[in-house]
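Chain residues, written in single-letter form:
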Amino acid sequence: MRVADAFRYSLGNLARQKLRTFLTVFGVIVGTGAIVLMVSLGIGLQEQTISFFNKVDILTTVTVFPQKRSTSFMSFGKPVGGAPMKLDDAVIEEFKAIPGVQAVFPNLNLNGRLMIDKVEDGKKKTVNGGFIVYLGLPQDALTPLYRDALLAGNYWSEENPAEHCAVVPADTLYDMGLGPPLAGKQKPGETPAAKGDPRWKDVLGLEVKIQFNMAVAKGEPPAKGEDEKDPEGGPKDPGEDPETVTKRVTKRFKIIGVYDSANIGNPFVPAVFVPLEQGKELMKMRGTRGGTAEPGYQQVMVKVKDASRTDEIRRELDARGYGTLTFQDVVEVIGYVFVTLKAVLGAVASIGLIVAFFGIANTMIMAILERTREIGIMKALGARNSEIRRLFIVEAAAIGGLGALFGIGGGWAIGKGFNLVTAWFVVKRGGPENVHLFSVSPWLAGGTLTFAIFVAVIAGLYPAWRASRLDPVAALRSL
Amino acid sequence: MILRGLTRVYRMGDALVTALDRLDLEIGRGAFFGVVGRSGSGKSTFLNLLGGLDTASAGTIEVDGMALTAASQDALAKYRREKVGFIFQQFNLIQSMSALQNVEMPLVFANVPPAERRKRAEELLDRVGLGPRRKHRPTELSGGEQQRVAIARSLANRPAILLADEPTGNLDSATAASVTELLKQMNREGQTVILVTHDRPMAEAVCSRFIELRDGRVLTDSAVPVPQPTTGA
């Protein structure tokens, strides 16, 4: 019997019992639809999470540590032993010499609280802008990407080495009631700003305060206001030495530029960009780790010219004995988390397909009882047992395949509907436009189809085997 | 076709029923061979064994040198597909298929390409006089028409032997006559036909030779001039 004939016969039989076929197929539709919907939620959440981190900037960044770092799920980013290498200005110069490297600078890892004094209704008022990363950048790190992100004002430059200056994100300013909103963030009645919007003019030149909490050695005078004198004698990080106290330090800066943090900066916390030297100054104030005679940096950022070379340069740095982390490591760790999530979601949804399994098996057994005589006829006409078996397995597989096609389509459509609704809400509330919670990948669709057919074939095996084993004489005598 | 000591014993509950008891027979090519007997005489069992649908408890059947009694399931399927054509009292057409599709069925199992089997099936339906009704389903055909479709189907693979089990049992006498005539015509064209019936006058009228079975044994054989009770009867 030809394959095409087997399909025609099987599909013809499914068409004969339209209601029963529909009911059985519907079970598969529900099962596969649930799988597609649940797993596509997992994929969508994963994509959203990655896109949250996936600023263009981050793809070209290698973070270098003195020691190798773990990239495993459970202990991501922790030092994994080995003798620490020293990261100092000499090493930075070495890194700069690696072909493909754009800029190298220490990550000073300073976090502070951003505040601005405003005069409102004749009263002086301090607006708190929340936590901010204080990122010291050298001149060569200000790539075209950074230049493009500038909305108003300018960066510092060699000709214009502004003292105590900062470039701040437009969103943070807007949240503090300063300057116009960016597109998608505006409240009703507000006009979003474009590059060079005159409304930022008032912001430029404003003074901002950043308050840092610093661990310094005990015995230092407590913080009073600002510009406390440098603590001496190499204070240590908190947690390492109980002999330290936390001191509050406030620094003042003039806003010289406003930037859009969509593609650059820190993905978690807004970042204020300052000249590297200005950052180092503060670092000296905090002192250096361990108080060794020749201190090193805890982290060095290596900016790569082209994102496609990030991995190559990372391997080069690894080979030199340093610890490195890239965005790829983060994506992989996110992957581990989401593999688990998707597996759990898929397993829960598979219950529907297990129910469908029994439906298919039941339908096939019914079909065989009904067609016992027909099976006898086919045997009398010379059908082999294997051909009878194949006919019923193809029939079961067709139920699975048909159900999966509609189920995948239905799951996709429901997810799409949810996406439209959530996107509408998110945009209405000033969120980004590209939010989608459900995402069906070709792998999910193909995998679900294969799985459904597989389950259906398994469900059809026993009925098909029973059909093939029927005694032709008895089968012909049946009604 | 040579049968030696052919025996078929069924188990019915706790009792053993001997449907065929040590049957010895030889049937020549081109014969119109009849088997008559009352119900329960073993004539259907005889036909099922000859058609490779049933397996013997003891004894041998040899058709064209092939020992059916030693054949595997697949070999028996091949034998049914290539060597025999069945005609049943109940017609046994597949209800969901048209007359044409029913006639094509044996050709489907024989892997004949669609165009070729369609042509062959149309020829056969024309031959049994049902050319214009080929698109009809069995429920839309009369009993006689259904049986003629079944005869066309039995001939699809050009079998060596036609096995007809009470082919006229469900037909009125006029229709029965036309079906019988069709079988006689097939036989005149060289087709071996084995006809099982309870209707002794019909067997006498159409068969070149017939036997009468009772309790699984040959009671009379028309080839033996003076009917003799078989040993032990």
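Residues numbered from 1 in each chain as written. Chains lettered and ligands numbered in written order. Predicted model: local features only at pLDDT ≥ 70, side-chain atom pairs only at ≥ 80, totals over all residues. Heavy atoms only, no water.

What follows is about the pairing of strand β1 (residues 61-65) of chain A. Residues and elements named next belong to chain A. Where burial is concerned, most of β1 is hidden: 5 out of the 5 residues are buried. Residues Thr-61, Thr-63 and Phe-65 point to one face of β1 and Val-62 and Val-64 to the other, with burial holding for every one of them. Sheet analysis places β1 next to strand β10 (residues 300-304), joined by 4 bridges and oriented antiparallel. Looking across to β10, one finds that Thr-61 is bridged to Lys-303. (Buried < 20%, exposed > 50% of the residue type's maximum accessible area, 1.4 Å probe, protein only. Helix = DSSP H or I, 4+ residues; strand = E, 2+ residues; numbered from the N terminus. Pairing = 2+ DSSP bridges.)

This part is about the interface of chain A and chain B. The accessible area lost on association of the parts is a frequent measure of interface size. Every contact between the two is made by 22 residues of chain A and, on the other side, 26 residues of chain B. Between chain A and chain B, roughly 2,200 Å² of surface is buried when both sides are summed, and carbon and sulfur atoms account for 58% of that area. Taken together, chain A and chain B are joined by 1 salt bridge. With a closest N to O distance of 2.7 Å, Asp-5 of chain A and Arg-117 of chain B form a salt bridge. The tally of links between chain A and chain B comes to 8 residue pairs in polar contact (both at pLDDT 80 or more). (Contact = heavy atoms within 4.5 Å. Buried area = accessible area lost by both parts, 1.4 Å probe. Salt bridge = Lys/Arg side-chain N within 4 Å of Asp/Glu carboxyl O. Polar contact = N/O pair within 3.5 Å; in protein donor to acceptor, adjacent residues only side chain to side chain.)

Residue and element names in this part refer to chain B. Of note, Arg-8 is situated in strand β1 (residues 2-12). Through-space distance from the C-alpha of Arg-8 to that of Asp-54 is 9.1 Å; in sequence the pair is 46 residues apart. Among all residues touching Arg-8, those that are not within four sequence positions of it are Val-17, Thr-18, Ala-19, Leu-20, Thr-45, Leu-49, Asp-54, Thr-55, Ala-56 and Ser-57. Of note is the side chain of Arg-8, whose polar atom sits 3.0 Å from the side chain of Asp-54.

This next bit is on the pattern of salt bridges. According to the stated counting rule, one finds 35 salt bridges over all chains in the structure shown. When the shortest N-O distance is used, the salt bridge between Glu-212 of chain B and Arg-200 of chain B registers 2.3 Å. Within this pair, whereas Glu-212 of chain B is found in strand β9 (residues 209-214), its partner Arg-200 of chain B is found in helix α7 (residues 200-206), the two being separated by 12 residues in sequence. Salt bridges here are not isolated pairs; linked through shared partners, they connect Asp-5 and Arg-8 of chain A together with Glu-104 and Arg-117 of chain B.

All names here are of chain A. Relative to the elements of secondary structure, Gly-136 occurs in strand β4 (residues 123-137). For Gly-136, a relative accessible area of 2% gives the class buried. Discounting residues that sit within four places of it in the chain, Gly-136 has contacts with Phe-105, Pro-106, Val-274, Pro-275 and Leu-276.

The next thing to look at is the side chain of Gln-147 of chain B. One can find Gln-147 of chain B in helix α5 (residues 143-154). With sequence-adjacent residues up to four places away left out, Gln-147 of chain B is seen in contact with Ile-87, Phe-88, Gln-89, Phe-91, Pro-167, Leu-171 and Val-179 of chain B.

Counting 76 residues, the largest nonpolar core has Met-378 and Phe-392 of chain A together with Leu-3, Leu-23, Phe-46 and Ile-194 of chain B as the members making the most contacts within it. Considering each element in turn, this core owes the most residues, 8 residues, to helix α11 (residues 385-428) of chain A. Phe-46 of chain B has contacts with Leu-3, Leu-20, Leu-23, Leu-25, Ile-27, Phe-33, Val-35, Ile-194 and Leu-213 of chain B, leaving out every residue within four places of it along the chain. Counting 46 residues, the second-largest nonpolar core is a separate cluster that includes Ile-132, Tyr-134, Leu-178 and Val-304 of chain A. (Core = buried A, V, L, I, M, F, W, Y, C linked by side-chain atoms within 4.5 Å.)

A separate point is the sheet that holds strand β11 (residues 323-326) of chain A. All names here are of chain A. On the basis of which strands lie adjacent, the open sheet formed by 4 strands has the order β2-β10-β1-β11 and antiparallel pairing. Looking at which strands have only one partner, the edges of the open sheet turn out to be β2 (101-106) and β11. Mean inter-strand twist for the sheet, computed between neighbouring axes without regard to direction, equals 25°. As defined by bridge partners, β1 adjoins β11 across 4 bridges and the pair is classed as antiparallel. Paired with Phe-65 across the two strands is Gly-323, which belongs to β11. Helix α4 (residues 89-96) contacts β1, β2 and β10 of the sheet and is inclined by roughly 170° relative to β2. (Axes fitted to C-alpha atoms, helices over the stretch in contact; angles between N-to-C directions.)

On to helix α9 (residues 327-370) of chain A, then. Between its terminal C-alpha atoms α9 of chain A stretches 61 Å, which fits the 64 Å expected from 44 residues at 1.5 Å a residue. At Ile-351 of chain A, α9 of chain A shows its maximal bend, which comes to roughly 30°. (Expected span 1.5 Å × (residues − 1). Bend = angle between axes of the 7 residues up to and from the residue.)

Residues and elements named next belong to chain A. Throughout the structure, instances matching the rule amount to 12 aromatic pairs over all chains. Aromatic pair Tyr-146 and Phe-273: ring centres 5.4 Å apart, planes at 45°, arrangement tilted. On the criterion of sequence distance, the pair formed by Tyr-146 in helix α5 (residues 144-149) and Phe-273 in strand β9 (residues 271-275) is long-range, its members being 127 residues apart. For Tyr-146, a relative accessible area of 1% puts it in the buried group. Each member of the aromatic cluster is reached from another via a ring pair, and the members are Tyr-134, Phe-212 and Phe-253. Note that Arg-113 overlies the ring of Phe-131, its terminal NZ or CZ placed 4.7 Å from the centroid. (Phe/Tyr/Trp six-rings, centres within 6.5 Å; stacked < 30°, edge-to-face > 60°. Lys NZ or Arg CZ within 6 Å of the ring centre and 35° of its normal.)

To continue, consider the environment of Gly-129 of chain B. Residues and elements named next belong to chain B. Considering the arrangement of structural elements, one finds Gly-129 in the loop between α4 (114-127) and α5. On the accessibility criterion, Gly-129 (46% relative accessible area) is partly exposed. Between the C-alpha atom of Gly-129 and that of Ala-152, which follows or precedes it by 23 residues, the distance is 9.8 Å.

Residue and element names in this part refer to chain A. For chain A, per-residue confidence averages 83 on the pLDDT scale, and residues scoring 70 or more make up 89% of the total. Confidence, expressed as mean pLDDT per element, reaches its minimum in chain A at helix α7 (residues 276-286) with 74 and its maximum at helix α12 (residues 442-468) with 95. Residue range residues 288-294 is modelled with pLDDT below 50. Its contacts to residues more than four positions away, or to other chains, number 7 contacts. (pLDDT = per-residue confidence, 0-100.)

All right, on to unusual backbone geometry then. All names here are of chain B. Positive phi, normally seen in glycine, also occurs at Asn-111, with a value near 60°. Note on placement: Asn-111 falls in the loop between α3 (99-109) and α4. Accessibility expressed as a relative area gives 37% for Asn-111, which makes it partly exposed.

A separate point is the sheet that holds strand β6 (residues 84-87) of chain B. What holds strands together in a sheet is hydrogen bonding between their backbones, with the strands either parallel or antiparallel. Residue and element names in this part refer to chain B. An order of β6-β7-β8-β3-β9-β10 is seen for the 6 strands of this open sheet, with the pairing classed as mixed. Looking at the sheet topology across the chains shown, the edges are occupied by β6 and β10 (217-221). Between one strand axis and the next, the sheet turns through 20° on average, direction left out of account. Of the pairings in the sheet, the one linking strand β3 (residues 32-36) to β9 comprises 4 bridges and is parallel in character. Looking across to β9, one finds that Gly-34 is bridged to Phe-210.

Residues and elements named next belong to chain B. Looking at chain direction, β9 and β10 are connected through 4 bridges and run antiparallel. Looking at the pairing, Leu-213 lines up with Val-218 of β10. Between β9 and β10, which pair antiparallel one after the other, the connecting turn spans 2 residues, and Asp-215 there sits at a positive phi close to 50°.

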